[in-house]
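Here's the letter readout for the chains.
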Amino acid sequence: MIILGLTGGIGSGKTAVATRLAVHAGVRVVLADDLAKQIMTDDPDLRAGLVAQFGPDTFDAAGALDRARLAARVFSDPDALAALNALVHPAVRRAMQAAIATARAEGVRLFVYEAALLFEVGADALVDHVALVTAPEADRVARAMARDGASEADVRARMARQIAPHEAERRTAAVGGTVVRNDADLATLHARADGLAERLVGELPRIGEVPGSDG
């Protein structure tokens, strides 16, 4: 089984690449954001840590994580964000390793781990190959604004907290990874994703077509 770490900045199109890869038989895609959301609800140790760090109102009366409240708490407080990451990132890493073990046991040929913070949290050390999705900055900003209903200032503030594109490309090159350019239309991006899958594991039958995304 090949483990692919798929990354890229906000609005780069990495989710569109992940979604395209998922149409191939033998491919399993796990999104880091979805994994984090799941374990922040389901992992009792992580829940306890969040309550201890951020207070009981981190979860609502029904026991659901109050994501808006937590996001507001850490958005402009670097220390609070660091504390949140110190709790969540190790738990996500453990969950990722468990998902990889399950996929391997089930005969998956290509395991795709899509994560915006692949390099920042050292998850690149757990994968066999890194693919970085890049796109022109203006396109990234426009996509994120349309998708999230956010202002340009908010999007650029989020971009500033991610690894700079040139540094991401340098790190990708350093590990012999692949840069997937998202600088044309969706069909072109799909073709590039198909080519990436073929280079890694050979030609795979497709199990269906799905609409793209621009995450």
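Sequence order sets the numbering: in each chain, residues are counted from 1 along the sequence as written. Owing to the predicted nature of the model, reporting of local features is limited to residues with pLDDT of at least 70; listing and counting of side-chain atom pairs is limited to 80 or more, with chain, interface and lining totals taken over all residues. Heavy atoms throughout the structure, all of them, feed into the side-chain values; hydrogens and water do not.

Visitor: Hey, could you run me through the layout of surface pockets in this one?
Guide: In this approach, a probe sized like a water molecule rolls over the atoms, and the result shows the empty space that is left. In this analysis the probe radius is 1.4 Å and the grid spacing 1 Å, with only protein atoms considered; a cavity is a set of points the probe fits into but cannot get out of, a pocket is an open set with protein on both sides within 12 Å along at least five of seven lines, and lining residues have an atom within 4 Å of a point. Grid points are joined across faces, edges and corners, and a volume is the space filled by probe spheres set on the points. Within this model, the largest pocket holds a volume of roughly 1,500 Å³. Lining the largest pocket are 37 residues, with Asp33, Ala36, Asn85, Leu117 and Arg158 sitting closest to its centre. Counting only elements with at least two residues in the lining of the largest pocket, the list comes to helix H1 (14-21), helix H2 (32-42), helix H4 (67-75), helix H5 (78-105) and strand E3 (110-114). Taken together, the residues of the lining of the largest pocket break down into 21 nonpolar, six polar and 10 charged. As a volume, the second largest pocket reaches approximately 260 Å³. As for the second largest pocket, its lining consists of 20 residues, and the residues nearest its centre are Gly9, Arg140, Ile163, Ala164 and Pro165. Elements supplying a minimum of two residues to the lining of the second largest pocket: strand E4 (129-134), helix H6 (137-148), helix H7 (152-160) and helix H8 (165-174). Secondary structure elements follow DSSP: runs of H or I no shorter than four residues count as helices, runs of E no shorter than two count as strands, and numbering proceeds from the N terminus. It is E4 that contributes the most residues to the lining of the second largest pocket, three residues altogether. Looking at the lining of the second largest pocket residue by residue, the class counts come to 10 nonpolar, six polar and four charged. Under this grouping Gly is polar, as are all residues other than the nonpolar Ala, Val, Leu, Ile, Met, Phe, Trp, Tyr, Cys and Pro and the charged Asp, Glu, Lys and Arg.

Visitor: Explain the packing of H2 against H5 to me, please; I cannot follow it from the model alone.
Guide: Axis angle and axis distance: for two packed helices, these are the angle between their axes and the distance between the axes, and together they describe the pair. Note on method: axes are straight lines fitted to C-alpha atoms, helices fitted across the in-contact stretch only, with angles between N-to-C directions ranging 0 to 180 degrees. Direction vectors running N to C along H2 and H5 enclose 105 degrees, while the axes themselves pass 9 Å from each other. Judged by the inter-axis angle, H2 sits roughly perpendicular to H5. Residues Leu35, Ala36, Ile39 and Met40 of H2 form the contact with H5, whose own contacting residues are Leu84, Val88, Ala91, Val92, Ala95 and Met96. Oblique is the label for any angle not under 35 degrees, not over 145, and not in the 65 to 115 range, which are roughly parallel, roughly antiparallel and roughly perpendicular in turn. When checking whether two residues touch, look at their non-hydrogen atoms; a contact exists if any pair is within 4.5 Å.

Visitor: Could you clarify how one ought to interpret the environment of Ala115 in this entry?
Guide: Mapping Ala115 onto the fold places it in the loop between E3 and E4. Taking the C-alpha atoms as reference, Ala115 lies 5.1 Å from Ala32; in sequence the two are 83 residues apart. The residues touching Ala115, leaving out its near neighbours within four places in the chain, are Leu6, Thr7, Gly8, Lys14 and Ala32.

Visitor: Where do I start with the environment of Val141 in this structure?
Guide: Looking at where Val141 falls in the secondary structure, it is placed in helix H6. With a 1.4 Å probe rolled over the protein chains alone, any residue whose accessible area is under 20% of its type maximum counts as buried; one over 50% counts as exposed, and the rest are partly exposed. Judged by its relative accessible area of 5%, Val141 falls in the buried class. Along the chain, Val141 and Asp154 lie 13 residues apart, while their C-alpha atoms are 9.7 Å from each other. With residues up to four places along the chain from it excluded, the contact list for Val141 reads Glu152, Val155, Arg156 and Met159.

Visitor: Is there a simple way to think about the sheet that holds E3 in this case?
Guide: With parallel pairing, five strands are arranged side by side in an open sheet as E2-E3-E1-E4-E5. Both outer strands of the open sheet, strand E2 (27-31) and strand E5 (178-181), are each paired with one neighbouring strand and no more. Averaged over all neighbouring strand pairs, the angle between strand axes comes to 25 degrees, with direction disregarded. The pairing criterion for strands is at least two bridges between them, as found by DSSP. By the bridge criterion, four bridges tie E4 to E5 in an arrangement that is parallel. Considered in E5, the bridge of Ala131 is made with Thr178. Of the strands in this sheet, strand E1 (2-7), E2, E3, E4 and E5 are in contact with H1, which crosses E1 at around 150 degrees. Relative to the sheet, H8 contacts E4 and E5, its axis offset from that of E4 by approximately 155 degrees.

By themselves, these observations are geometric and do not establish any function.
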